[in-house]
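Structural features, examined
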Amino acid sequence: MSASESLTLSPIVAGCWRMAEWKLDAAGRLRWIEQALELGIDSFDHADIYGDYSVEALFGEALALQPGLRQRIRVVSKCGIKLTSAQRPTHAIKSYDSSRAHVLASVEHSLRALRTDYLDLLLIHRPDLLMDADELAATFAQLKAAGKVLHVGVSNHTPAQLALLHARHPLATHQVELSPLHLPPLDDGTLEQCQALRLRPMLWSPLAGGRLFGGGDECAERVRAAGRPRPPPRRRLGRDDGLRLAAAPSDPAVADHRQRPRAGAARCGGRVADRAVGAGLVRGLAGQRRARSRVSAPASRSPRAPCRSDASRDRDTAATTQARFRGRDSRRP
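Reading the values: the criteria
- Along each chain, residue indices are assigned from 1 in the same order as the chain's sequence is written.
- The model is predicted, so local features are restricted to residues of pLDDT at least 70 and side-chain atom pairs to those at 80 or more, both for listing and for counting; the totals for chains, interfaces and linings are taken over all residues.
- Note that water and hydrogens are dropped before the side-chain values are worked out from all heavy atoms of the structure.
- Exposure classes here rest on a 1.4 Å probe applied to the protein chains alone. A residue is buried below 20% of its type maximum, exposed above 50%, and partly exposed in between.
- Only DSSP runs of H or I reaching four residues or more are called helices, and only runs of E reaching two or more are called strands; each is numbered from the N terminus.
- At least two DSSP bridges between two strands are needed for those strands to be called paired.
- Pairing of aromatic side chains requires ring centres within 6.5 Å, counting the rings of Phe and Tyr and the six-membered ring of Trp. Pairs whose planes differ by under 30 degrees are stacked, by over 60 edge-to-face, and all others tilted.
- Note on criteria: charge over ring means Lys NZ or Arg CZ within 6 Å of the ring centre, with the direction from the centre no more than 35 degrees off the ring normal.
- Only heavy atoms matter for contacts: two residues are in contact if any of them lie within 4.5 Å across the pair.
- Axes here refer to lines fitted to C-alpha atoms; in helices the fit is confined to the stretch in contact. Angles between the N-to-C directions go from 0 to 180 degrees.
- On a scale of 0 to 100, pLDDT captures the predictor's confidence in every residue.
- Given a helix with a known number of residues, its expected span is that number minus one, times 1.5 Å.
- Note: the arc covers the axis-to-C-beta directions of the helix.
- A clockwise course of the path from the first strand over the helix to the second, judged with the strands pointing away from the viewer, identifies a crossover as right-handed.
- Residues enter a nonpolar core if they are buried and are Ala, Val, Leu, Ile, Met, Phe, Trp, Tyr or Cys, with the set joined through side-chain atoms within 4.5 Å.
- What counts as a salt bridge is simple: a side-chain nitrogen of Lys or Arg found within 4 Å of a carboxyl oxygen of Asp or Glu.

**Details of unusual backbone geometry**
Phi angles above zero are rare outside glycine, and arginine 198 is one such case at about 60 degrees. You can call arginine 198 exposed: its relative accessible area is 76%. Positive phi values are uncommon outside glycine, yet serine 205 reaches one of about 55 degrees. By the secondary structure assignment, serine 205 is in the loop between strand 9 (202-204) and helix 8 (211-214). Since its relative accessible area comes to 22%, serine 205 is described here as partly exposed.

Written as structure tokens, this is what we have:
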């Protein structure tokens, strides 16, 4: 990649923030880089402050074991935060600094630690409230002219801060925090500005630092619950299902209905379901008998009302069916 080419990073960028905590030797770190490449991840995100100013050196040590690997990867680094550390004894307090002197010194430190002669992308890590946009733009131009930085951008800036700097020097990207547990960039104008300027944003901590999988806070639990598969809705038995249930007792809907306890009757087992089936069967038989009596009436006459004998037979059928179901309940343990 050259400074004249547009910035191209892999869709997933490997973050190196916690590399010092992994306790890997140089060979182990090299294997990690190679495994990322096998997965199609060729971009690696750094900052000078990561690991108390130690991670870039750990990464560079691994690259030194296979020098040709540098041409296959994209290296991103950030500067602009000054931490108090034994590694930087001149830093009296934590502060943000985007001055020309600090940016140039930070880039030189990063190049030496990473054992490379250029960065594919340099980001200003945090907004400097005392930023001189013209001075910083000139510093970017100087670094690019020297071939030490190919592309520049910002991280964690407001839309107004990015617009100010972008008007002085074209930026390649904006790195922002965005995850299901951190959503402000969706409605604070950040992503809309990236579209307006045709900048492809970089998202840091898209998995919320692992909280999506193991966080105990209420918000993380709600997100995990929303992602869990839900059981399909269960069909309720209707009043016209009696005949079908009686004819097909092995129907899965019937079995499910028998096994599922009802509210207020959790200890009744299948008896509630049996009674429901019995009631449906009674209504179904009675309805069919009335339908047959209406259909069988001669066309020349109006359908006759059920005679008393028909109604008596209906009541007898219902009483017999209910008695059978009561008998079944009495035989259950």
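**Focus: the pairing of strand 6 (residues 121-124)**
Across a regular strand the side chains alternate sides, sitting on one face of the sheet and then on the other. Both faces of strand 6 are covered, namely the face carrying Leu121 and Leu123 and the face carrying Leu122 and Ile124. Bridging between strand 3 (residues 74-79) and strand 6 involves four bridges; their strand directions are parallel. The residue of strand 6 that forms the bridge with cysteine 79 is isoleucine 124. For strand 6 and strand 7 (residues 152-155), the ladder comprises three bridges, and the chain directions are parallel.

**Details of the packing of aromatic side chains**
Across all of its chains, the model carries four aromatic pairs by this definition. Ring centres 5.4 Å apart and planes at 50 degrees place the aromatic pair phenylalanine 44 and phenylalanine 59 in the tilted group. Note that phenylalanine 44 is positioned in strand 2 (residues 43-45) and phenylalanine 59 in helix 3 (residues 55-64), a separation of 15 residues in sequence. For phenylalanine 59, a relative accessible area of 0% puts it in the buried group. Grouping aromatic residues by their ring pairs yields a cluster made of Trp22, Trp32, Phe44 and Phe59. The aromatic ring of tryptophan 17 is capped on one face by arginine 18, whose charged end is 4.4 Å from the ring centroid.

**Here we look at the environment of alanine 172**
Its place among the elements puts alanine 172 in the loop between helix 6 (159-166) and strand 8 (174-177). When the C-alpha positions of alanine 172 and histidine 151 are compared, they lie 6.3 Å apart, and in sequence the two are 21 residues distant. Apart from residues lying up to four places away in sequence, alanine 172 is in contact with Leu7, His151, Val152, Gly153, Leu199 and Arg200.

**Section: the sheet that holds strand 7**
Read across the sheet, seven strands follow the order 1-2-3-6-7-8-9 without closing on themselves; strand pairing throughout is parallel. Pairing within the sheet leaves two strands with one partner each, and these edge strands are strand 1 (13-15) and strand 9. For this sheet, the mean inter-axis angle between neighbouring strands, taken without regard to orientation, is 25 degrees. Looking at chain direction, strand 2 and strand 3 are connected through three bridges and run parallel. Bridge assignment links phenylalanine 44 to a residue of strand 3, and that residue is valine 75.

**As for the confidence of the model for the chain**
Chain-level statistics for the chain give a pLDDT mean of 82 and a share of 69% at 70 or above. For the stretch residues 261-282, pLDDT sits under 50, and the model shows 33 contacts to residues farther than four places along the chain or on other chains. A low-confidence stretch, residues 328-333 stays under pLDDT 50, and its non-local contacts, those more than four residues away or across chains, total nine contacts.

**Quick notes on helix 5 (residues 133-145)**
Relative to the 18 Å expected for 13 residues at 1.5 Å per residue, helix 5 spans 18 Å between its end C-alpha atoms, a close match to the ideal helical length. Here helix 5 has its buried residues at Ala133, Leu136, Ala137, Thr139, Phe140 and Leu143. Buried residues in helix 5, looked at end-on, bunch into an arc of 155 degrees, giving them a common side. Considering only its buried residues, helix 5 is in contact with helix 4 (100-114), strand 6, strand 7 and helix 6. A positive phi of about 75 degrees marks glycine 147, the residue just after helix 5.

**Topic: the pairing of strand 7**
Both faces of strand 7 are covered, namely the face carrying Val152 and Val154 and the face carrying Gly153 and Ser155. Bridge count between strand 7 and strand 8: two bridges; the pairing is parallel. If you follow serine 155 over to strand 8, its bridge partner there is glutamine 175. Chirality of the crossover, the property in question, places the unit of strand 7, helix 6 and strand 8 among those that are right-handed.

**Comments concerning the nonpolar core**
With 43 residues, the main nonpolar core has Phe44, Phe59, Val103, Leu122, Phe140 and Leu165 as its most contacted residues. In terms of residue count, the dominant contributor to this core is helix 4 (five residues). In contact with phenylalanine 140, not counting residues within four places along its chain, are Leu122, Ile124, Val152, Leu165, His169 and Leu171. Core analysis: the next-biggest nonpolar cluster, separate from the first, contains five residues, Leu9, Val76, Leu121 and Met202 among them.

**A closer look at the pattern of salt bridges**
One pass over the full model with this rule turns up 10 salt bridges. With a closest N to O distance of 2.7 Å, arginine 168 and aspartate 134 form a salt bridge. Of this pair, arginine 168 sits in the loop between helix 6 and strand 8 while aspartate 134 sits in helix 5, and the two are 34 residues apart along the sequence. Because the salt bridges share partners, they merge into one network encompassing Glu221, Arg224 and Arg228.

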